[in-house]
Amino acid sequence: MTDLQEFRAETRAWLEENCPKEMRQPMSEADVCWGGRNWVFQSKAQEQWLERMAARGWTVPTWPEAYGGAGLSGDEDRVLKEEMARISARPPLQSFGIWMLGPALLEFGSEEQKRHYLPQIARGEVRWCQGYSEPGAGSDLASLQTKGVDCGEYFEVSGQKIWTSYADKADWIFCLVRTEPEAAKHKGISFLLFDMTSPGVSTSPIQLISGSSPFCETFFDSVKVPKDQIVGERGTGWTIAKYLLTHEREMIGATDSALFGSDDLVEVARDALGVDDQGRLDDPILRGRIADFLIDEIAFDAELARAKSWIRAGKQLGAESATLKYTGTELNKRRQELIMAAGGLAALEWDFADAAGDEKASLWLRSKGNSIEGGTSEVMLSILSKAALELG
Amino acid sequence: MRLMSEEQTMIRDMAAGFLDEKAPVDALRKQRDSGGGYDRALMGEMADMGWFGMLLDEESGGVDMGAEAAGLVAEEMGRRLSASPFLSSGVMSAVVLRATGGADWAAKLASGEAVVAMAIDERVKHRPDAIATTAEKSGNGFVLNGAKRFVSDGAGADRVIVTAMTEDGLGLFLVDPGLEGVQSRALKTVDSRDAADLRFDNVQLDGAALLAMGDAAQEALDGALRVGRAVASAEMVGVSKEMAERTNAYLKERKQFGIALSNFQALQHRAADLYTQIQTTDAAVAAALRAIDEGSDDAELLSRVAKAKAGKTASLAVREALQMHGGIGMTDALDIGLFMKKARACAEYLGDGECHGDWLLRQRGL
């Protein structure tokens, strides 16, 4: 038996033994465990599952052990994910700390910062949010105006962020702040970390067309941020932000990708429309659109799998991440449109939901933001035309 | 079998070098102007390089390198519209002959001595299971009746593998087109390649003509179609990449309103969208080829998805190329029309998006 096979056997046995059966059910958005100081576990099983996985370093499997991870290789990480998928195990913890800040700290943080912040993320003790966009700085993010005035021991931060995901529930924020007002647009930004309970921080949720409020407006009024809470050097925040945006694009492109075609779409179509005596969906024109979509989706699954294998081999995705983001989000919008079309009049009811409990109309409306957040589709195409094609 | 990345690079470079010299787009143009088809001597040289034996084992004179290797060669052929019976004879017929023990003809096609075509289609759309052609048992042999249409490389073929219904289900027969009762009509097609309609009127076949029957025949046919789809898809990826690259180069060079076209965002975004489609297609085709070589259960699905996706993308690539080149793209002197014709033929052959999309939905109970 190779080491990897041995690892698989051990992992399978451990998961069998330790993953509570309630944590092997389909998961809706409401079932996600985000962690944090104010987190209230939805069940004993959810709490146990997080504790057990965190103790093994498997909430962040590839991070070094010293920072709360398990130091798994790319191949081991893949095996772990496959074994979790085999028993439909839910992710024990999801967070912007895992997805965004962690990778940034691993790349740009000081040793002290890594030892301090990363284990808290790994154990789900601190929930982070991301302070990037501002009312006047959307696609042109580098024009951001939130300022951090140098006051000796600390920066005094004032300004406004928008589209801050779960700012009202987060404990800390990683935030882009203009600390060098004299410097050029891209050179005057610093990457600061601070506690959301600091005096001067306030948040206000924004209700979306989908009915949910995952985003907030966040206001900073002379917030004092100690100087050791800067990641990297002063004025290098844009480099970190770009690194994270690339990372975020890979993530957004990768979400909601069911291997070999959407079960949700197929299910809704079959249930709502039925099949004719040939066993074909009883709406030939919609059937054709679904077929066309599934071909694109499965082809994209192959592209994602290839990108993941490149990442495991230590390759930087670069412009490829813009391809993933653009293609993945545009496909998800198409999927949600097709689900609504397949559901027909029934899908107009808010409580028209799938087995996991996600409301279809809400997902459909929410998906419209996919090609806006994390860099619009148009920004992705501009990036590709310059970086990959050298046009313009 | 799985190729290492150095081996891939080697095969690709070797194919590119050879085809640049021997079978660039201009060679197709000349072939077209002298009646179409392919250059048999050039096919012999390709066979000498082992290309027609990539899917055959060494006993049959093959090099046994697998579908991925054949895909790399096909992609380079697609970039140059290189004409040869590679897909029909070197890939699909080779797979059938390997599966059915037709070693002598396998060796002949591997060496380039013979061309073996596949006669599968009877309708204007690819429906390999809609077979009206029959082979009735007669003494030690069979009597073949029916018609096959659009037989790729059928006009110049030395043998044709014909699908026909027998008392015991599907049969695969190796038919000499020179036999009495076989009528072959060469077609003049938009892509200037060899194709023929074949008619069989009471054609007497001896027992040795039967390659396989029943489940064995179905399995051999399915295998050939699977590999054929993936390799044809790789050829379309070549067509798509070549068109996109030529178009991007043209956007940088062509000036209107005093600046290069590449400065216009409307064109940048279209070029970038095409690029993403090609990236996705490239990944899907690579996954299909690999799944075939690994004998994975997903190979059937992936080869169908690859074929459907590659057809859509190649169609987009040639349409975008023509539109972005403007008026000059409409001229026969520029190559875009040749690529457009190839893309159309290639998307249709072995099934289009509707054909494979239908299969996909049936698999999912829709």
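Residues numbered from 1 in each chain as written. Chains lettered and ligands numbered in written order. Predicted model: local features only at pLDDT ≥ 70, side-chain atom pairs only at ≥ 80, totals over all residues. Heavy atoms only, no water.

1. What to know about the layout of surface pockets
Residue and element names in this part refer to chain B.
Moving on, step 1. The calculated volume of the second largest pocket comes to roughly 620 Å³.
Moving on, step 2. Lining the second largest pocket we find 31 residues, and of these Ser152, Asp191, Ala345, Cys346 and Tyr349 sit closest to its centre.
Moving on, step 3. The set of elements that each furnish at least two residues to the lining of the second largest pocket consists of helix H4 (67-80), helix H5 (86-100), strand S3 (141-152), helix H7 (215-253) and helix H10 (336-348).
Moving on, step 4. The dominant element in the lining of the second largest pocket, judged by the number of residues it contributes, is H10, at five residues.
Moving on, step 5. When grouped by side-chain class, the residues that make up the lining of the second largest pocket number 14 nonpolar, six polar and eleven charged. (1 Å grid on protein atoms, 1.4 Å probe; cavity = no way out; pocket = protein on both sides within 12 Å on 5 of 7 lines; lining within 4 Å. Points joined across faces, edges and corners; volume = space filled by probe spheres on them. Helix = DSSP H or I, 4+ residues; strand = E, 2+ residues; numbered from the N terminus. Nonpolar A, V, L, I, M, F, W, Y, C, P; charged D, E, K, R; others polar.)

2. Quick notes on the packing of helix H2 (residues 25-33) of chain B against H10 of chain B
Residue and element names in this part refer to chain B.
Moving on, step 1. Contact pair H2 / H10: the axes reach a minimum separation of 11 Å and the direction vectors enclose 80 degrees. As far as their axial angle goes, H10 and H2 are roughly perpendicular. Residues Val25, Leu28, Arg29 and Arg32 of H2 touch H10, and the partners they reach there are Leu338, Phe339 and Lys341.
Moving on, step 2. Its residues assigned to classes, the contact of H2 with H10 comprises four nonpolar, no polar and three charged. (Axes fitted to C-alpha atoms, helices over the stretch in contact; angles between N-to-C directions. Parallel < 35°, antiparallel > 145°, perpendicular 65-115°, else oblique. Contact = heavy atoms within 4.5 Å.)

3. What to know about the pattern of salt bridges
Moving on, step 1. This structure, assessed with the given rule, holds 66 salt bridges over all chains.
Moving on, step 2. For Asp296 of chain A, the salt bridge goes to Arg334 of chain A, with nearest N and O atoms at 2.8 Å. Note that Asp296 of chain A is positioned in helix H8 (residues 284-312) and Arg334 of chain A in helix H9 (residues 320-343), a separation of 38 residues in sequence.
Moving on, step 3. Judged by its relative accessible area of 9%, Asp296 of chain A is buried.
Moving on, step 4. Under the relative-accessibility criterion, Arg334 of chain A is labelled partly exposed at 31%.
Moving on, step 5. Ionic pairing is found between Glu300 of chain B and Arg229 of chain B, a salt bridge with its closest N-O pair at 3.1 Å. Highlighted residues: Glu300 of chain B in helix H9 (residues 299-325) and Arg229 of chain B in helix H7, separated in sequence by 71 residues. Residue Glu300 of chain B shares its accessibility class with Arg229 of chain B, and that shared class is buried.
Moving on, step 6. Where salt bridges share partners, they join Arg8, Arg12, Glu16, Arg24, Asp75, Arg78, Glu82, Glu83 and Arg86 of chain A into one cluster. (Salt bridge = Lys/Arg side-chain N within 4 Å of Asp/Glu carboxyl O. Buried < 20%, exposed > 50% of the residue type's maximum accessible area, 1.4 Å probe, protein only.)

4. Points about the interface of chain B and chain A
Moving on, step 1. Contacts between the two partners involve 35 residues from chain B and, on the opposite side, 40 residues from chain A.
Moving on, step 2. Taken together, both faces of the contact between chain B and chain A bury some 3300 Å²; the carbon and sulfur share is 61%.
Moving on, step 3. Taken together, chain B and chain A are joined by seven salt bridges.
Moving on, step 4. On inspection of chain B and its partner chain A, the count reaches 18 residue pairs in polar contact (both at pLDDT 80 or more).
Moving on, step 5. For the side of chain B that touches chain A, the element with the highest residue contribution is helix H8 (residues 265-294) of chain B, accounting for 14 residues.
Moving on, step 6. Here the residues of the side of chain B that touches chain A are counted per class, giving 14 nonpolar, twelve polar and nine charged. (Buried area = accessible area lost by both parts, 1.4 Å probe. Polar contact = N/O pair within 3.5 Å; in protein donor to acceptor, adjacent residues only side chain to side chain.)

5. Describing the side chain of Ser262 of chain B
Moving on, step 1. Tracing the sequence through the fold places Ser262 of chain B in the loop between strand S10 (259-260) and H8.
Moving on, step 2. Among all residues touching Ser262 of chain B, those that are not within four sequence positions of it are Leu391 and Gly392 of chain A together with Leu251, Lys252 and Gln268 of chain B.

6. What to know about the domain arrangement of chain A
Residue and element names in this part refer to chain A.
Moving on, step 1. If you check the domain split of chain A, you get domain 1 (3-94), domain 2 (128-235) and domain 3 (255-387).
Moving on, step 2. Computed from C-alpha atoms alone, the centre-to-centre distance between domain 1 and domain 2 is 31 Å.
Moving on, step 3. Domain 1 puts five residues into the contact, and the matching count from domain 2 is five residues.
Moving on, step 4. Looking at the side of domain 1 facing domain 2, the largest losses of area belong to Trp34, Arg37 and Asn38, adding up to 85% of the total buried there.
Moving on, step 5. Counting the contacts that link domain 1 with domain 2 gives two salt bridges.
Moving on, step 6. Between Asp171 and Arg37 there is a salt bridge, and its shortest N-O distance comes to 3.7 Å.
Moving on, step 7. Class assignment for the residues of the side of domain 1 that touches domain 2 results in one nonpolar, two polar and two charged. (Domains from an automatic or database assignment.)

7. Description of the domain arrangement of chain B
All names here are of chain B.
Moving on, step 1. Per the domain assignment, the segments making up chain B are domain 1 (5-114), domain 2 (119-213) and domain 3 (221-363).
Moving on, step 2. For domain 1 versus domain 2, the separation of C-alpha centres amounts to 23 Å.
Moving on, step 3. In this complex, domain 1 contributes 19 residues to the contact, which on the side of domain 2 involves 15 residues.
Moving on, step 4. Taking both sides of the interface into account, the surface hidden between domain 1 and domain 2 amounts to around 1300 Å²; carbon and sulfur atoms contribute 61%.
Moving on, step 5. The largest contributions to the domain 1 side of the interface with domain 2 come from Tyr38, Thr100 and Trp105, which together make up 34% of the buried area.
Moving on, step 6. The interface formed by domain 1 and domain 2 includes one salt bridge.
Moving on, step 7. Between Asp158 and Arg40 there is a salt bridge, and its shortest N-O distance comes to 2.6 Å.
Moving on, step 8. Elements supplying a minimum of two residues to the side of domain 1 that touches domain 2: H2 and H5.
Moving on, step 9. Here the side of domain 1 that touches domain 2 takes six residues from H5, the largest share from any one element.

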